[in-house]
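Observations on the three-dimensional arrangement
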Amino acid sequence: MTTTTMPAPTAALPALADDTIRLCQTLLRMDTTNPPGNERICAEYLAAELSAVGYAPQLLEAQPGRTNLVVRHRGTGAKPPLLLTAHLDVVEADPAKWRRPPFSGEEYEGCLWGRGAIDMKNMAAMCTAIMRRLAASRTQLARDVIFAAVADEEAGCDLGSRFLVEQHRGLVEAEYAIGESGGFSLHLGSSTFYPVQVAEKGFCWVRARIVGEPGHGSMPRHDSAVTRLGDALAAIGRASLPVHTTKYIASFLDALRAKQPALIQPLLRIAARPQLLARVARLVPNASIARSFSALLANTASATVVRAGAKTNVIPGVAEFEIDGRTLPGQTDEDLLRELRAVLGPDVELEIIKSAPPTVTEPIGSPLFDTIVRQVESREPGAKVIPYMIPGFTDAKYFTQTGARWYGFSPVKIERGSGIRFADMFHGHDERIPIAGLAWGVDVLDAVVREHCA
Ligand SMILES: [Zn+2]
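Thresholds applied
Along each chain, residues carry numbers from 1 onward, in the same order as the chain's sequence is written. Two thresholds apply to this predicted model, a pLDDT of at least 70 for residue-level local features and 80 or more for giving and counting side-chain atom pairs, whereas whole-chain, interface and lining totals are computed over all residues. In this entry, domain limits derive from an automatic or database-based domain assignment. Here contacts are defined at the residue level, using C-beta atoms placed from the backbone and a cut-off of 7 Å between them. A run of H or I in DSSP becomes a helix once it reaches four residues, and a run of E becomes a strand once it reaches two; helices and strands are each numbered from the N terminus. When residues are sorted by character, Ala, Val, Leu, Ile, Met, Phe, Trp, Tyr, Cys and Pro go into the nonpolar class, Asp, Glu, Lys and Arg into the charged class, and all the rest, Gly among them, into the polar class. Pairing between strands is defined by DSSP: at least two bridges between the two strands are required. Helix axes are fitted to C-alpha atoms over the stretch in contact, other axes to C-alpha atoms as well, and angles between N-to-C directions run from 0 to 180 degrees. Whether a residue is buried, exposed or partly exposed follows from its count of other C-beta atoms within 10 Å of its own C-beta, namely 20 or more, 12 or fewer, or something in between, respectively; the C-beta atoms are built from the backbone.

Annotation of the chain at the domain level lists domain 1 (16–185 + 359–453) and domain 2 (200–356). A separation of 32 Å is found between the C-alpha centroids of domain 1 and domain 2. Each side of the interface is counted separately: domain 1 has 14 residues, and domain 2 has 15 residues. Looking at the side of domain 1 that touches domain 2, the elements with two or more residues in it are strand 16 (359–360), strand 17 (384–390) and helix 13 (396–399). The class makeup of the residues in the side of domain 1 that touches domain 2 is nine nonpolar, three polar and two charged.

Through backbone hydrogen bonds, the strands of a sheet pair up, either in parallel or in antiparallel fashion. Across the sheet, which stays open at both edges, the four strands sit in the order 12-14-10-15 with antiparallel pairing between neighbours. Both edges of this open sheet fall to strand 12 (300–308) and strand 15 (349–356), since each of them pairs with a single strand only. The sheet shows a mean angle of 20° between the axes of neighbouring strands, taken without regard to direction. Together, strand 10 (202–211), strand 12, strand 14 (318–327) and strand 15 form the strand contacts of helix 11 (residues 333–344), whose direction differs from that of strand 15 by roughly 150°.

For the bond running from Asn34 to Pro35, omega is 0°, close enough to zero to count as cis. Topologically, Pro35 is positioned in the loop between helix 1 (16–28) and helix 2 (40–51). The residue Asp152 is not glycine, and still its phi comes out positive at about 70°. Tracing the sequence through the fold places Asp152 in the loop between strand 6 (145–150) and helix 4 (161–167). The phi dihedral of His427 is positive, around 65°, even though this residue is not glycine. Within the secondary structure, His427 is located in the loop between helix 14 (422–425) and strand 19 (432–434). By C-beta crowding, His427 is classed as partly exposed, having 14 other C-beta atoms within 10 Å.

With that settled, consider the environment of Ile414. Relative to the helices and strands, Ile414 is located in the loop between strand 18 (405–408) and helix 14. Exposure remark for Ile414: the 22 C-beta atoms within 10 Å place this residue in the buried category. For Ile414, the residues in contact, after removing those within four places along its chain, are Phe184, Ser185, Ile420, Phe422, Pro434 and Gly437.

The subject of this paragraph is the environment of Glu49. In this structure, Glu49 sits in helix 2. Along the sequence, Glu49 and Thr400 sit 351 residues apart, while their C-alpha atoms lie 28 Å from each other. Once residues within four sequence positions are removed from consideration, Glu49 is found in contact with Leu23, Thr128 and Arg132.

Right under this line is the structure:
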């Protein structure tokens with residue numbers, strides 16, 4: 001199978017926004033909760049929509065049903081390709097907690113409702129609509145535009161972006177990539193910002209092991225592996241790892257400071273005086289902002305899985321727990337292990353289970369970042385595009401391994417006072433996207449693609 005653009009049929013397409021809304025609504029009605037994922041229903045649907053305008057999209061699976069789609073609009077080859085990406089899987093949704101059913105795609109209160117509405121079937125719909133229009137209008141661009149719709153992002157990317165990069169690298173190699181996460185309206189005080197992701201933390205998952213004397217449960221030991229496991233869990237749960245300020249946070253704060261000096265004073269104080277980190281919750285009154293901000297200033301470690309013992313009357317000789325560690329740009333796995341040893345002491349053995357380094361893209365001097373700034377700020381005078389870093393990870397982790405410069409930009413306009421906070425929509429109840437904001441998003445994304453690839 002090839003991925004060449006075939007001659008397009010002459011039938012006119014719906015307007016770009018209408019095509020996007022229709023695609024998004026249909027995707028939202030398909031349950032791709034991961035696990036088990038079952039991304040194939042979405043991938044086959046999008047493949048049909050892309051084939052209808054002459055593409056020959058490729059469907060690629062690492063496991064049955066866990067389908068990835070890749071399609072390419074051929075340019076002249078004068079410049080290297082641009083990759084557009086979205087993941088097709090979603091996290092679970094409890095219908096009892098939602099005001100509209102999570103797989104309804106229902107139109108209600110001016111929004112499309114459904115799990116994945118902003119994370120990130122909206123992006124899959126926008127990219128598909130843009131690709132369809134490029135083919136139907138026979139647009140000649142200097143770059144190939146590749147669209148990859150992937151499986152398995154929500155469970156760590158192994159069957160999606162990682163599989164494509166490791167097994168089908170040539171299909172997704174690009175100079176630039178656009179994907180999750182950023183491009184949404186962030187209203188702070190009287191200003192509106194559009195954060196664009198240029199960096200994300202690495203992860204370093206660690207197994208911690210404590211060995212002690214086993215014994216009979218009828219004769220307690222104060223130094224058993226289980227007792228010391230309790231001490232270790234408490235120590236790690238209460239620790240604040242050392243602050244390392246990065247230029248990503250510095251440039252984010254600079255951009256905020258220019259617009260909102262009063263609002264961010266508490267954050268500036270913390271960045272300047274790392275010893276205040278432990279008090280971030282008091283300085284920044286919103287607990288969720290405080291948590292996410294402090295995660296951007298330090299490596300972090302959360303104890304998650306705990307294992308010890310199998311019988312009530314036996315004191316086990318080994319106790320283990322797993323740590324979800326996250327590393328800042330500039331920090332290595334070894335740096336994190338050193339910080340963990342300082343908290344846990346020498347008796348806890350640490351072993352890395354799986355890790356990937358931080359992902360960083362330089363926003364300064366990037367024509368794509370400049371294009372995003374121009375296209376967003378010309379549509380919304382007064383708004384400001386700012387580079388930012390996320391504490392989690394996305395498909396950027398793998399797609400950047402081909403050398404692509406990654407920008408998290410899946411644009412959505414959210415009106416001030418709409419009652420929708422973008423951050424709360426991610427994996428939250430009542431996930432929905434304003435229909436007008438989706439139409440705005442595809443218009444700006446289409447303009448960015450065309451300008452960058454012209
Ligand atoms: Zn996502």
